[in-house]
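# Per-entry structural report
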Amino acid sequence: MAGTTSLPRDFELGFATASYQIEGAVAEDGRGKSIWDTFCHLQPTRTKGASGDVACDHYHRLEEDLGLLKTYGAQTYRFSVSWSRVIPLGGRDDPLNEAGIAFYNRLIDGLIARGITPWLTLYHWDLPQELHDRYGGWLDIEESQKDFERYARVCYERFGDRVKNWVSLNEPWIVSIFGYATGGNAPGRSSINPQSTEGNTSTEPWIVGKALIMSHARAVAAYNQDFRGSQKGRIGISLNGDYYEPWDSSDPRDSEAAVRRMEFHIGWFANPIFLKQDYPKCMREQLGSRLPDFTASDMAILQKAECDFYGMNYYTSQFARHRDQPASETDCIGNIDELQENKKGAAVGEKSGLHWLRSCPVMFRKHLTRIYRLYGKPIYITENGCPCPGEDKMTREESVNDEYRIRYLKDHLEAVGKSVNEDGAVIKGYFAWSLMDNLEWSDGYGPRFGVTYTDYESLERTPKKSALVLRKLVETMKAASS
Ligand code: PNW
């Protein structure tokens, strides 16, 4: 009998990062600027004064970081490519940057030499600035998808002989909503954020959402048509989204609010991408024609864009409470309130080192099972992790003793086991976020998500306890399966 929390024998453990959060070397070897360079430098108050100029200096410390992965027993490593390192101006007729391509070749070859399988994310938020300046970037649905397809093709051509696992986009929800509704992320457009001077929160996030859906679809269709046969790889997308429970479990309106919230988070992208359908009905009802339609030719591209897996980024859960007032023009979440306590005053989970993140493994299991049943694809958890309570203020010696993180990771891996063994979900791998402490976007260098401590003065890396025990933990859980 397999234990209920055991993991499948072929389950793979890895670690994840993203280019702008770790690489640094932003002006080196011909890299072009991205919207994050601009956001950090033109509006430093919006990123707590931080930028990715140096970050973890991974660009110059590649060998050392490969060594960490090896020490930790990583089977896989998920990284992202900086589009503007590969194509500095970004566009389909713009020249390639061979020095940038060479960096990723060194990374890929270094992984393979160590027996680690590369997982390449094409887009983790760092749009080439030039495309934003040329035509508004993701605000131009037609132009952006053509440029993204060409960029994807370049990556398949240059890396696809060795890279067999592709993630098209990381968290299109965050790209659209944080970038174009709340303005918290680059390019920082918003009509409800006093720090933003440009943007239209009632329309722009929905336009950007469609541009991202179609860019993903084009990249996948190109892979299927011209590369899959010879390269024999897999491609999917990483979607974020919390699990929501009703605030008042006896009120059906709160149950509906919880589902609606998840549709606004996940169904927005997953319906067209995995089900080849229009956006969820509740989004149409609330947003009407502000949601750009899929034309017959868009649908034909979506049909050709069958992908292989659902990449899930999961951190936390919340309670949803319905609202009695109609949704405002700028509401992006399905006209609900989000709370960390339910009507009875019970907390959704234990506090971590970040206000929005509570540890909710029971709801993680429900989330995994729900997503598997809805979209029917094998799931890879492409991100999961947390900062420990108070870790932003800790010394290195305190931070590396990360018992809270070990417990968080273990509890979440056990939830995976239960979803697989008791609910029948197919879940094939897990990437801890993150390999090392890094630039946490607009939160700067405060929150530490790493299994490796990064000293931002000396750039020295120190493995935390979690890094050294995770592989053993997973192997023990795998051995318990029969
Ligand atoms: C993800 N939220 O972003 C990103 O993919 C990573 O780059 C990031 O470092 C990681 O999660 C940790 O935050 C998120 O506020 C950022 O709910 C914010 C939220 C969720 C995901």
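Residues numbered from 1 in each chain as written. Predicted model: local features only at pLDDT ≥ 70, side-chain atom pairs only at ≥ 80, totals over all residues. Heavy atoms only, no water.

## Considering the overall build of the chain
Across its full length, the chain holds 17 helices and 15 strands. Over its C-alpha atoms the chain spans a radius of gyration of 21 Å, differing by no more than 12% from the 23 Å that the globule rule assigns to 482 residues. Seen through its principal axes, the chain has C-alpha atoms that stretch 55 × 55 × 45 Å. Within the chain, buried positions represent 62% of all 482 residues. Sequence separation of at least 24 residues holds for 76% of the intrachain contacts in the chain that already meet a minimum separation of 6. Carbon and sulfur atoms provide 51% of the accessible area of the chain, an area that totals close to 17200 Å². If the 58 positive side-chain charges of the chain are averaged to one point and the 67 negative ones to another, these points end up 4 Å apart. (Helix = DSSP H or I, 4+ residues; strand = E, 2+ residues; numbered from the N terminus. Rg over C-alpha atoms; globule rule 2.2 N^0.38 Å. Buried < 20%, exposed > 50% of the residue type's maximum accessible area, 1.4 Å probe, protein only. Contact = heavy atoms within 4.5 Å. Areas by Shrake-Rupley, 256 points an atom, 1.4 Å probe, with all protein chains shown as cover. Lys, Arg positive; Asp, Glu negative; His and termini not counted. Charge placed at Lys NZ, Arg CZ, Asp CG, Glu CD.)

## Describing the site of the ligand
Around the ligand sit 15 residues in total, of which Gln 21, His 124, Glu 383, Glu 440 and Trp 441 are the nearest. Separating an oxygen atom of the ligand from a side-chain N or O atom of Tyr 315 is a distance of 3.3 Å. Separating an oxygen atom of the ligand from a side-chain N or O atom of Glu 440 is a distance of 2.5 Å. Across the complex, the protein chains shield 90% of the 450 Å² of accessible surface that the ligand would expose by itself. Of the residues that constitute the shell around the ligand, the class distribution is eight nonpolar, four polar and three charged. (Near = heavy atom within 4 Å. Polar contact = N/O pair within 3.5 Å; in protein donor to acceptor, adjacent residues only side chain to side chain. Nonpolar A, V, L, I, M, F, W, Y, C, P; charged D, E, K, R; others polar.)

## Thoughts on helix 2 (residues 35-42)
Taken together, the buried positions of helix 2 are occupied by Ile 35, Trp 36, Asp 37, Phe 39 and Cys 40. The elements touched by buried residues of helix 2 are helix 1 (19-22), strand 3 (117-123) and helix 6 (129-135).

## Examining the pattern of salt bridges
A complete count under the given rule lists 50 salt bridges for this structure. Across the pair Arg 31 and Asp 37 runs a salt bridge, and its minimum N-O distance is 3.0 Å. Like Asp 37, Arg 31 is buried. Linking Glu 149 and Arg 153 is a salt bridge whose minimum nitrogen-to-oxygen distance equals 2.8 Å. (Salt bridge = Lys/Arg side-chain N within 4 Å of Asp/Glu carboxyl O.)

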